[in-house]
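A look at the structure
Spelled out, the chains give:
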Amino acid sequence: MIDGPYFVLTLLGVLGCGLVAGVFLGFSTFVMRALAQLPPAQGVAAMNAINVAAVRPPFMLVFVGSAVLCSVLAVVTFVLLPDEGTVELLLGSALYLFGAFGVTITANVPRNDALLRLEPETPQAADYWPVFVRQWTRWNHVRAAASAAAAVSYALALA
């Protein structure tokens, strides 16, 4: 069984990945649905405001902190090669780092940046808005599932 500081790191991994999964799940299941029902100019303006508000210490500490924690857990696991939980720890780290953090950087943030460059009242924004909602939400589902699966994988490592 995992114990000591390694146990604490893994438990923090469960909590961090689980918290991020909850945020992403909330966005996928009701925030984006509500924004999609707004007129395009209002939806674009609201999403841009959300994207600016999200890049603040409370969320970034959990989101980026979990990525750092997952990286530390992966490195420590490779170095120590514990008798139990190795697969679960490495899988949890990979799921979060690639499926949540990596997807954010490669899929969601570029879409956020493209949306931010548009003036909400323009025809270009109106045309892009439904495409943005569909694509962004699809990738957000991936982030939510990967974060949740990472939390489960870490929890299994503790079992």
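Before going into details, it helps to say that this report is about the structure given with it. (Residues numbered from 1 in each chain as written. Predicted model: local features only at pLDDT ≥ 70, side-chain atom pairs only at ≥ 80, totals over all residues. Heavy atoms only, no water.)

**Section: the overall build of the protein chain**
Put simply, the test is: Think of it this way: any DSSP run of H or I at least four residues long counts as a helix, any run of E at least two long counts as a strand, and we number them from the N terminus. Relative accessibility decides the category of a residue: with a 1.4 Å probe and only protein chains considered, values under 20% of the type maximum give buried, values over 50% give exposed, and everything between is partly exposed. The contact rule is simple, with two residues in contact once any of their heavy atoms fall within 4.5 Å. Exposure was quantified through the Shrake-Rupley algorithm and a 1.4 Å probe, taking into account, for residues, occlusion by the shown protein chains and nothing else. By the counting rule applied here, Lys and Arg register as positive and Asp and Glu as negative, while His and the ends of each chain are not counted. By convention, charge coordinates are those of NZ in Lys, CZ in Arg, CG in Asp, or CD in Glu.
Looking only at helices and strands, the protein chain has five helices and zero strands in total. Listing every helix and strand of the protein chain by position from the N terminus yields α-α-α-α-α. Counting only C-alpha atoms and orienting by the principal axes, one finds that the protein chain spans roughly 60 × 25 × 20 Å. Across the 159 residues of the protein chain, 40% fall into the buried class. The long-range fraction of contacts in the protein chain, counting pairs at least 24 apart against all pairs at least 6 apart in sequence, stands at 82%. Here the protein chain displays about 8,300 Å² of accessible surface, and carbon together with sulfur accounts for 74% of that area. Between the mean site of the 7 positive side-chain charges and the mean site of the 8 negative ones, the protein chain shows a separation of 14 Å.

**Looking at the nonpolar core**
Under the convention used in this document: Definition used in this section: a nonpolar core is a set of buried Ala, Val, Leu, Ile, Met, Phe, Trp, Tyr and Cys residues joined via side-chain atoms within 4.5 Å.
With 20 residues, the main nonpolar core has Ile2, Cys17, Phe24, Leu89, Tyr96 and Tyr154 as its most contacted residues. For this core, the secondary-structure elements that each account for two or more residues are α1 (4–36), α3 (57–80), α4 (86–116) and α5 (123–158). The element that contributes the greatest number of residues to this core is α5, accounting for six residues. In terms of nonpolar packing, the next biggest core, distinct from the first, is built from 11 residues, Val44, Met47, Phe132 and Val133 among them.

**A closer look at the layout of surface pockets**
To keep it simple, the criterion reads: Whether a set of points on the 1 Å grid over the protein atoms alone is a cavity depends on a 1.4 Å probe fitting there but being unable to get out, while an open set qualifies as a pocket with protein on both sides within 12 Å along at least five of seven lines; lining residues are those with an atom within 4 Å of a point. Grid points are joined across faces, edges and corners, and a volume is the space filled by probe spheres set on the points. Classification used: nonpolar for Ala, Val, Leu, Ile, Met, Phe, Trp, Tyr, Cys and Pro, charged for Asp, Glu, Lys and Arg, polar for all others including Gly.
One number sums up the size of the largest pocket: a volume of about 470 Å³. Contributing to the lining of the largest pocket are 24 residues, with Asn51, Ala54, Val55, Phe59 and Asn112 lying nearest its centre. If you list the elements that add at least two residues to the lining of the largest pocket, you get α1, α2 (40–54), α3, α4 and α5. For the lining of the largest pocket, the residue count by class is 16 nonpolar, six polar and two charged.

**A few points about the packing of aromatic side chains**
Note the threshold: Only rings of Phe, Tyr and Trp enter the pairing, Trp through its six-membered ring, and a pair is recorded when the two centres are within 6.5 Å. The plane angle decides the type: under 30 degrees is stacked, over 60 is edge-to-face, the rest tilted. Geometrically, a charge over a ring is one whose NZ (Lys) or CZ (Arg) sits within 6 Å of the ring centre while staying within 35 degrees of the ring normal.
Considering all chains together, one arrives at nine aromatic pairs under this definition. Residues Phe132 and Trp136 carry aromatic rings whose centres are separated by 6.3 Å and whose planes lie at 25 degrees to one another, so their mutual orientation is stacked. Here the residue Phe132 and the residue Trp136 both occupy positions in helix α5, the gap between them amounting to four residues, near one helical turn. The class for Trp136 is buried, based on a relative accessible area of 4%. Taken together, the aromatic side chains of Phe24, Phe59, Phe63, Tyr96 and Phe101 make up a single cluster linked through ring pairs. Looking at Arg143, its charged tip hangs above the ring of Phe24, at a distance of 3.9 Å from the centre.

**A word on α4**
The condition is simple: To estimate the expected span of a helix, count its residues, drop one, and scale the result by 1.5 Å. The angle separating two fitted axes, one through the seven residues that finish at a residue and one through the seven that start at it, defines the bend at that residue.
An ideal rise of 1.5 Å per residue puts 45 Å on 31 residues; α4 measures up with 42 Å between its terminal C-alpha atoms. At Thr104, α4 shows its maximal bend, which comes to roughly 50 degrees.

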